Amino acid sequence: MAVTAAPPAVRWITKPRNLEQEAIFRRELGLSPLVAILLAQRGFTDSAEAARFLNPSLDDLHDPRLLPDYEAAKDALLGARERKEKIYVHGDYDVDGVTSAAIFTRFLRRLGCDVTVHVPHRMKEGYGIHESAILAAKEEGASLFLTCDCGASAHDQIAMANELGMRVVVTDHHEVGANLPNALAVVNPHRHDSQYPFAELCGAGVVFKLCQGLCQELELNVAHFHRAFLDLAVLGTVADVMPLTGENRIITAFGLQHLRDTKKPGLRALLKLIAEGKPLERLNASHIGFQLGPRLNAAGRIDDAARSLTLLMEEDPKGAEAMAQELDRINKERRQEQEVMLQEAIEQTMASGQDTRNVIVVSSENWHPGINGIVAGKLVEKFHRPAFVASINVETGEVKGSARTIPGFNLANAIEQHRTLLLSGGGHAAAAGFAVKHEHLEGFAGSLHDYAGTFLTPDDFVPTLTIDAEVTAGDADLRTAKELVKLEPFGVANCTPRFMVRCLEVQRIQATRNPEHFRLVLGSPQGEVRSAMAFFMQEAIEALSPGDRVDMIIEINVDDYNGLEGVKWIARHVRPAEA
Ligand SMILES: [Mn+2]
């Protein structure tokens, strides 16, 4: 039986305005009031910088030579090319890891290098570099072991590669410890001594920049290089949930265009599949986040990431189509498995009363480790508490899990606090992985609850929705919708703008073909009539009746249905009108 919990109340928070800064932007950049409000809120304090944000240019990409150890990496790569030595590229099993590996492999082969490429198998090798990969590289006769999206903390593995007589170049974007691994070069913008102006590149971004540098070095056509590789760089950047600001914004803005027009048969096949036969007019970051990314990730989660890499490397359109279909099938399987796991996780949470504890810890022998992270994220959405979801391995007596969290609870700190209880663990503030002996799992859960109790307050368990500005229905029109396009691409750290409109009268509630989606017809106090789509808000919409007055949080889009341009609202939240 399906178990449902009442959705938690949501607090609406309107971001503060900066009237002075807005006035400067309006005056100096000739911006409309709404765009000026949004730029001021997004932290811009300088007109020149705001103008660069509104008009991303490839000329504003940073000098790759500023990357730490750029020179040493360049010398190692070009040296291997000159000496015709084999280069072993080692990536990772997620989208960033396979796109990084694909950029290196495609680019270095174009330069005439002899390249073998490997991405790890999640179940057999686990995260990062496994000994078996180093032995395989040696076996293949590689002289240069080149990592991407991993290696920053692989001290032992890199020492082993050195002992076997290979040279090692690490490229990565994960946090580094006090000591760097003993490689010829460690190209990582997170190094404490990094002079690089932007630290938030993903693994594929670092590889893209390093190759861009080689391109300049060899006096190759850099514009051509951009066209050929931004499609892969944008996939890694968006799928790895990087902030879409600074250099990532440039990579994303241009990468989305190049991805839509990509010539790579594998990507063409994937795009065709998600467009369901229709041509894709526009491609935005959410296409990567919700459609392309999950398909490229699915193989790494429950099968072998090498399948995704093969698709990215494929040159034959027929073969690419079959591979894309196969990834789609694996993704469907992943989704089905996830549905079952989620239902069980919700039942376990409720049955054990953890829906009111500080931290949720659930586990099962039947759960797939590659899907725990997604399920943890869904539990956080549902219960608004930190969630640890784990798979029990009965043979080893070990439990491996993933955690996701709410803003007030930092997972990296929580893992650090419990080092002695854990077999291993690590990650970021918002996402982490851990392993613990089965007999210690209950103690871990109890300790997490107590630990969280020392600083979390009831307020931390109330989800919030952030509103960029309050507008009238009159303001939220087609012209505004068109202006907001200037701020795209939206994603992490540059979110889709959300607005509050007060006191709308519900005139009609229309069902759609999908029972989870509704169309609302709304009237404003000034007499405008607008329609809004409400996706996955069944419960809230079914509680409404015509004649009700509501406040609503909306997104404002351009709708060009059948060539007729209009404004389209997307409802994000609704509550009875205040006053
Ligand atoms: Mn990454």
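Residues numbered from 1 in each chain as written. Predicted model: local features only at pLDDT ≥ 70, side-chain atom pairs only at ≥ 80, totals over all residues. Heavy atoms only, no water.

Some thoughts on the overall build of the protein
- Each helix and strand in the protein was counted, giving 19 helices and 18 strands.
- Over its C-alpha trace the protein gives a radius of gyration of 25 Å, about what one expects of a compact globule, namely 25 Å for 579 residues.
- Counting only C-alpha atoms, the protein reaches 75 × 60 × 50 Å along its principal axes.
- Excluding contacts between residues fewer than 6 apart, the proportion of contacts in the protein whose partners are at least 24 apart in sequence is 65%.
- Of the roughly 26200 Å² of accessible surface on the protein, a fraction of 49% belongs to carbon and sulfur atoms.
- In the protein, the 60 positive side-chain charges and the 78 negative ones have mean positions that sit 5 Å from each other. (Helix = DSSP H or I, 4+ residues; strand = E, 2+ residues; numbered from the N terminus. Rg over C-alpha atoms; globule rule 2.2 N^0.38 Å. Contact = heavy atoms within 4.5 Å. Areas by Shrake-Rupley, 256 points an atom, 1.4 Å probe, with all protein chains shown as cover. Lys, Arg positive; Asp, Glu negative; His and termini not counted. Charge placed at Lys NZ, Arg CZ, Asp CG, Glu CD.)

Topic: unusual backbone geometry
- In this model, E488 is joined to P489 through a cis peptide bond whose omega is 0°.
- Structurally, P489 is set in the loop between α18 (478-484) and β14 (499-511).
- At H384, a position not held by glycine, the phi torsion is positive, near 50°.
- Among the secondary structure elements, H384 is positioned in the loop between α15 (372-383) and β8 (387-393).
- On the accessibility criterion, H384 (13% relative accessible area) is buried. (Buried < 20%, exposed > 50% of the residue type's maximum accessible area, 1.4 Å probe, protein only.)

Some thoughts on the nonpolar core
- Counting 79 residues, the largest nonpolar core has I87, I103, F104, F107 and L108 as the members making the most contacts within it.
- Considering every element that reaches this core, the biggest residue donor is helix α9 (residues 222-239), with ten residues.
- Setting aside anything within four residues of it in sequence, one finds L108 in contact with L77, I87, C113, V115 and L146. (Core = buried A, V, L, I, M, F, W, Y, C linked by side-chain atoms within 4.5 Å.)

What to know about the packing of aromatic side chains
- Within this structure, the stated rule accounts for twelve aromatic pairs.
- Ring centres of F434 and F444 lie 5.5 Å apart, and the angle between their planes is 50°; this geometry places the pair in the tilted category. Remark: F444 occurs in helix α17 (residues 441-453) and F434 occurs in strand β11 (residues 431-437); sequence separation between them is ten residues. The same class applies to F434 and to F444, which are both buried.
- When the centroid spacing of 5.1 Å and the interplanar angle of 75° are considered together, the rings of Y451 and F455 count as edge-to-face.
- On the basis of relative accessibility, which here comes to 17%, the residue Y451 falls in the buried class.
- Taken together through their ring pairs, the aromatic side chains of F107, F208, F225 and F229 make up a single cluster.
- We note R249 situated over the ring of F53; from NZ or CZ to the ring centre the distance is 3.7 Å.
- Over the ring of W12 we find R575, and its NZ or CZ is 3.9 Å from the ring centre. (Phe/Tyr/Trp six-rings, centres within 6.5 Å; stacked < 30°, edge-to-face > 60°. Lys NZ or Arg CZ within 6 Å of the ring centre and 35° of its normal.)

Some remarks on the packing of helix α11 (residues 265-275) against helix α14 (residues 317-351)
- Running from N to C, α11 and α14 cross one another at 50°; their axes reach a closest spacing of 8 Å. Relative to α14, α11 is oriented oblique. Here α11 and α14 pass one another in a crossing that is right-handed. Here P265, G266, A269, L270, K272 and L273 of α11 lie close against α14, whose contacting residues are P317, A320, E321, A324, Q325 and D328.
- For the contact of α11 with α14, a count of residues per class yields seven nonpolar, two polar and three charged. (Axes fitted to C-alpha atoms, helices over the stretch in contact; angles between N-to-C directions. Parallel < 35°, antiparallel > 145°, perpendicular 65-115°, else oblique. Left-handed = near helix turned anticlockwise from the far one by under 90°. Nonpolar A, V, L, I, M, F, W, Y, C, P; charged D, E, K, R; others polar.)

Re the pairing of strand β10 (residues 424-427)
- Judged from the four bridges that link them, β10 and β11 form a sheet pairing that is antiparallel. Within β11, the position partnered with G426 by the bridge is G433.
- As consecutive antiparallel partners, β10 and β11 are separated by three residues. (Pairing = 2+ DSSP bridges.)

Comments concerning the environment of I554
- Tracing the sequence through the fold places I554 in strand β17 (residues 549-561).
- Separated by 57 residues in the primary sequence, I554 and P497 have C-alpha atoms spaced 8.6 Å apart.
- If near-sequence neighbours (up to four positions away) are discounted, I554 is found in contact with A476, P497, R498, F499, V501, W569, I570, A571 and R572.

Examining the sheet that holds strand β4 (residues 142-147)
- Read from one edge to the other, the open sheet built from five strands follows the order β3-β2-β4-β5-β6, with strand pairing classed as parallel. A strand with exactly one partner marks an edge of an open sheet, and here the two such strands are β3 (114-118) and β6 (185-187). Each adjacent strand pair in this sheet contributes to an overall mean axis angle of 20°, direction not counted.
- Bridge analysis of strand β5 (residues 167-171) against β6 gives three bridges, and the strand direction is parallel. Bridge pairing in β6 links V170 to V186.
- On top of the sheet, helix α6 (residues 131-139) reaches β2 (86-90), β3 and β4; it is set at about 145° to β4, its chief contact.

Focus: the domain arrangement of the protein
- Domain annotation of the protein identifies domain 1 (11-45 + 468-576), domain 2 (64-260) and domain 3 (352-461).
- Here the C-alpha centroids of domain 2 and domain 3 sit 31 Å apart. (Domains from an automatic or database assignment.)

Some thoughts on helix α5 (residues 95-110)
- The end-to-end C-alpha distance of α5 is 22 Å, a good match for the 22 Å that 16 residues give at a rise of 1.5 Å each.
- Positive phi shows up at G112, right after α5, with a value of about 95°. (Expected span 1.5 Å × (residues − 1).)

Quick notes on the pattern of salt bridges
- A complete count under the given rule lists 33 salt bridges for this structure.
- With a shortest N-O distance of 3.4 Å, R106 and E315 are connected by a salt bridge. Of this pair, R106 sits in helix α5 while E315 sits in the loop between α13 (306-313) and α14, and the two are 209 residues apart along the sequence.
- Note on R106: relative accessible area 12%, which makes it buried.
- For E555, the salt bridge goes to R498, with nearest N and O atoms at 3.1 Å. Of the two residues, E555 is situated in strand β17 and R498 in the loop between α18 and β14; the sequence distance between them amounts to 57 residues.
- Taking the relative accessible area as the measure of exposure, E555 reaches 7% and is therefore buried. (Salt bridge = Lys/Arg side-chain N within 4 Å of Asp/Glu carboxyl O.)

As for the sheet that holds β8
- Strand order in this open sheet of five strands is β7-β8-β9-β11-β10, and the pairing throughout is mixed. The open sheet terminates on both sides in strands that have one partner only, identified here as β7 (360-364) and β10. The average undirected angle you get between the axes of adjacent strands in this sheet is 15°.
- Sheet analysis places strand β9 (residues 398-404) next to β11, joined by seven bridges and oriented antiparallel. What sits directly across from S402, in β11, is G433.
- Docked against the sheet, α15 engages β7, β8 and β9, running at close to 50° with respect to β9.

Observations concerning the side chain of R334
- Its location among the elements puts R334 in helix α14.
- Of the side chains bearing the opposite charge, E339 lies closest to the buried R334, which forms no salt bridge; the N-O distance is 7.3 Å.
- Not counting the four nearest positions on each side in its chain, R334 is found in contact with P294, A298, R301, I302, I371 and I374.

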